[in-house]
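Residue-level listing of the chains:
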Amino acid sequence: MSPSASGPEPSTSENAPTSVLLDVADAVATVTLNRPDALNALDTELKEQLLAVLQQVADDPGVRCLVLTGSGRAFCVGQDLKEHIRSLSSGPGSLATTVTEHYNPIVTLLTTMNKPVIAALNGVAAGAGASFAFATDLRILVDSAGINLAFAAIALSCDSGASWALPRLVGTARAKELLLLPRTIPAPECLALGLVTKVVAAEDLAATVRELATTLAAGPTLAYGSIRRAVAFSASHALDESLAQEAGLMSLTGGSEDHQAAVSAFLAKEKPAFTGR
Ligand code: T3D
């Protein structure tokens, strides 16, 4: 599973299917969900490949920013319901298994890896696909697409962290409305609600994301990772605990090479060159 410096490559060994592509260039890893004919619906193979690739990206200190995107006209329409109907016939056990074995670790990696994560939403994001997008730091959505919290439409509750991330993005009342009454929320409304960071024309998506990812990949990665952890921690802890967590992370980042270099550069009126350490 060696990363490519030139273009997207299979995420797994040579003859394996390519439901997920990984490209690494200039410290930016681009992970592409690659079942375009199925609107990047999440079947078992894709989920297992995605989990492996995300772990690889998280563990690679040479990667300083992750971009998650989809191929074709959709970002991701969530669980592959064609596969799902087959597993339903074998009983509810398989549903419980994929949530804990696939969805939960995927979202944990997206949420907690020590580097910034961008969702390049090239098309509709639905169900767990929407949840994956919410687990990232910045979401760039094409103006022709939307987001659909599709779970209740098929009589499911919600998963992949939707109940955790959505209220933090839009507030509890709005989160419940979007989950109880699923619909495809058009791009301008997604922006107004705070579900996405930015809306762009489809032809501008690649350049917008590239510029953002390049900027983040050249930044203070340790500080970025620590900011992710501090914000996630304080969302579910009291002020005194959050202050203690901040103090620990300030101590960590205060001892970093990047901090030393950045303060020296500031005082010398120079631009800092961050190494990520
Ligand atoms: O055990 C477990 O796995 C539990 C875990 C669950 C996690 C989840 O993600 S649950 C939620 C699963 N996802 C959905 O319920 C979304 C279903 N899709 C839709 O609601 C709509 O398709 C969209 C809002 C995403 C897009 O609408 P639209 O109008 O642009 O497209 P469409 O015409 O509805 O769909 C186009 C085709 O894609 C269509 O197939 P066809 O008619 O061309 O042969 C449709 O059936 C197919 N498709 C869309 N979503 C899925 C799908 N096929 C399989 N799985 C899908 N999720």
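Rules used throughout
- Residues numbered from 1 in each chain as written.
- Predicted model: local features only at pLDDT ≥ 70, side-chain atom pairs only at ≥ 80, totals over all residues.
- Heavy atoms only, no water.
- Helix = DSSP H or I, 4+ residues; strand = E, 2+ residues; numbered from the N terminus.
- Rg over C-alpha atoms; globule rule 2.2 N^0.38 Å.
- Buried < 20%, exposed > 50% of the residue type's maximum accessible area, 1.4 Å probe, protein only.
- Contact = heavy atoms within 4.5 Å.
- Areas by Shrake-Rupley, 256 points an atom, 1.4 Å probe, with all protein chains shown as cover.
- Lys, Arg positive; Asp, Glu negative; His and termini not counted.
- Charge placed at Lys NZ, Arg CZ, Asp CG, Glu CD.
- Core = buried A, V, L, I, M, F, W, Y, C linked by side-chain atoms within 4.5 Å.
- Phe/Tyr/Trp six-rings, centres within 6.5 Å; stacked < 30°, edge-to-face > 60°.
- Lys NZ or Arg CZ within 6 Å of the ring centre and 35° of its normal.
- Pairing = 2+ DSSP bridges.
- Axes fitted to C-alpha atoms, helices over the stretch in contact; angles between N-to-C directions.
- Parallel < 35°, antiparallel > 145°, perpendicular 65-115°, else oblique.
- Left-handed = near helix turned anticlockwise from the far one by under 90°.
- Nonpolar A, V, L, I, M, F, W, Y, C, P; charged D, E, K, R; others polar.
- 1 Å grid on protein atoms, 1.4 Å probe; cavity = no way out; pocket = protein on both sides within 12 Å on 5 of 7 lines; lining within 4 Å.
- Points joined across faces, edges and corners; volume = space filled by probe spheres on them.
- Salt bridge = Lys/Arg side-chain N within 4 Å of Asp/Glu carboxyl O.

Asker: How do you make sense of the overall build of the protein when you look at a structure like this?
Answerer: Assigned secondary structure in the protein consists of eleven helices and eleven strands. A compact globule built from 277 residues should have a C-alpha radius of gyration of about 19 Å, and the protein, at 19 Å, falls within 12% of that. Counting only C-alpha atoms and orienting by the principal axes, one finds that the protein spans roughly 65 × 45 × 35 Å. Burial statistics for the protein: of 277 residues in total, 44% are counted as buried. A separation threshold of at least 6 residues defines the contact pool for the protein, and within that pool the share at least 24 residues apart is 66%. About 13,400 Å² of surface is accessible on the protein, with carbon and sulfur atoms providing 59% of the total. For the protein, the distance from the average site of its 19 positive side-chain charges to the average site of its 27 negative ones is 5 Å.

Asker: Sorry if this is basic, but what is going on with the nonpolar core here?
Answerer: Generally speaking, nonpolar side chains in soluble globular proteins are found buried as a group. In this structure, Leu50, Phe132, Ile147, Leu149 and Leu195 are the most contacted members of the largest nonpolar core, which totals 65 residues. For Phe132, the contacting residues outside a window of four places in its chain are Leu42, Leu50, Leu68, Tyr103, Ile106, Val107, Leu110 and Ser160.

Asker: Just checking my understanding: could you explain the packing of aromatic side chains for this structure?
Answerer: How two aromatic rings sit relative to each other is given by the distance of their centres and the angle of their planes. Counted by the stated rule, this structure contains one aromatic pair. When the ring centre of Trp164 is taken as reference, the NZ or CZ atom of Arg168 above it lies at 4.1 Å.

Asker: Just checking my understanding: could you explain the sheet that holds strand E5 (residues 74-76) for this structure?
Answerer: To summarise the sheet geometry, strands pair through backbone hydrogen bonds and adopt either a parallel or an antiparallel arrangement. Strand order in the open sheet made by the four strands is E5-E7-E9-E10, with mixed pairing throughout. Of all the strands in the sheet, the pair left with one neighbour each is E5 and strand E10 (184-186). Taking the axes of each pair of neighbouring strands and ignoring which way they run, one obtains an average angle of 20 degrees across the sheet. Summarising the sheet, strand E9 (residues 146-148) and E10 pair through three bridges and their orientation is antiparallel. Of the residues in E10, the one forming a bridge with Asn148 is Thr184.

Asker: Just checking my understanding: could you explain the packing of helix H5 (residues 162-170) against helix H6 (residues 172-180) for this structure?
Answerer: A pair of packed helices is captured by two measures, namely the crossing angle of their axes and the spacing between those axes. Direction vectors running N to C along H5 and H6 enclose 125 degrees, while the axes themselves pass 7 Å from each other. As the angle between them shows, H5 and H6 are arranged oblique. Regarding H5 and H6, the two cross each other, and that crossing is right-handed. Residue-level contacts link Leu166, Pro167 and Val170 of H5 to Thr172, Arg174, Ala175, Leu178 and Leu179 of H6. Across the contact of H5 with H6, the residue classes break down as six nonpolar, one polar and one charged.

Asker: How do you make sense of the packing of helix H9 (residues 221-234) against helix H10 (residues 239-254) when you look at a structure like this?
Answerer: Interhelical geometry of H9 versus H10 gives an angle of 175 degrees and a closest axis separation of 10 Å. Classed by the angle they form, the pair H9 and H10 counts as roughly antiparallel. Where H9 approaches H10, its residues Leu222, Ala223, Ser226, Arg229, Ala230, Phe233 and Ser234 are matched on the opposing element by Glu241, Ser242, Gln245, Leu249, Leu252 and Thr253.

Asker: Whenever I open this one, the layout of surface pockets confuses me. Can you help?
Answerer: Empty space left among the atoms is revealed by rolling a probe the size of a water molecule over them. As a volume, the largest pocket reaches approximately 520 Å³. Ala135, Thr136, Asp137, Arg228 and Val231 are, among the 24 residues lining the largest pocket, the residues nearest its centre. Looking at the lining of the largest pocket, the elements that each hand over two or more residues are helix H3 (93-112), helix H4 (128-134), strand E8 (138-142), H5 and H9. Its residues placed into classes, the lining of the largest pocket shows 14 nonpolar, five polar and five charged.

Asker: It is not clear to me how the pattern of salt bridges should be interpreted in this structure. Could you clarify?
Answerer: Oppositely charged side chains may form a pair once their charged atoms are brought near each other. The full count for this structure, using the stated rule, is six salt bridges. Note that Asp43 and Arg35 form a salt bridge whose closest N and O atoms lie 3.6 Å from each other. Since its relative accessible area comes to 13%, Asp43 is described here as buried. Between Glu177 and Arg174 there is a salt bridge, with the nearest N and O atoms lying 3.1 Å from each other. Pair noted here: Glu177 and Arg174 are both in helix H6, with a separation of three residues, about one helical turn. Residue class for Glu177 comes out partly exposed when judged on its relative accessible area of 33%. A single network of salt bridges, built from pairs that share partners, joins Arg35, Asp43 and Asp80.

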